Amino acid sequence: MTVVAVVAAVLLVAAAMITGFRILAGPNTLDRVVGIDSLIAIAASGLAVWAAYSKNTTVVPAIVALSLVGFLGSAAVSRFRVRDDR
């Protein structure tokens, strides 16, 4: 189980770094919003890996809260987005 958790953690860190680049270098706001939403999903996945590794279920509400915040944030941005025309 330790090997699987380490491999999953390394892959999640790599995904977070790539997503961080997308957030910083995104040409428009929608790219940045998708990057932030992906980063929230990666954080929730990291918490899930930690919960499975440590056999600790007290982080499940945090996973649900992160998922809810990610969904509501994406829905709000898509609803109230202003064009990036220059």
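Rules used throughout
Residues numbered from 1 in each chain as written. Predicted model: local features only at pLDDT ≥ 70, side-chain atom pairs only at ≥ 80, totals over all residues. Heavy atoms only, no water. Phe/Tyr/Trp six-rings, centres within 6.5 Å; stacked < 30°, edge-to-face > 60°. Helix = DSSP H or I, 4+ residues; strand = E, 2+ residues; numbered from the N terminus. Buried < 20%, exposed > 50% of the residue type's maximum accessible area, 1.4 Å probe, protein only. Axes fitted to C-alpha atoms, helices over the stretch in contact; angles between N-to-C directions. Parallel < 35°, antiparallel > 145°, perpendicular 65-115°, else oblique. Contact = heavy atoms within 4.5 Å. Nonpolar A, V, L, I, M, F, W, Y, C, P; charged D, E, K, R; others polar.

> Is there a simple way to think about the packing of aromatic side chains in this case?
A complete count under the given rule lists one aromatic pair for this structure. A centroid spacing of 5.9 Å and a plane angle of 45° characterise the contact between W50 and Y53, whose relative ring orientation is tilted. Taken together, the positions of W50 and Y53, both in helix α2 (residues 29-54) and three residues apart, correspond to about one turn of that helix. Y53 gets classed as partly exposed once you look at its relative accessible area, which sits at 38%.

> Would you mind going over the packing of α2 against helix α3 (residues 60-80) with me for this structure?
Running from N to C, α2 and α3 point in directions that differ by 170°, and their axes come no closer than 9 Å. The angle between the axes of α2 and α3 places the two elements in the roughly antiparallel class. Contact with α2, carried on its side by V33, D37, I40, A43, A44, L47 and A48, involves A62, I63, L66, S67, G70, S74 and V77 of α3 and no other residues of that element. Taken together, the residues of the contact of α2 with α3 sort by class into 10 nonpolar, three polar and one charged.

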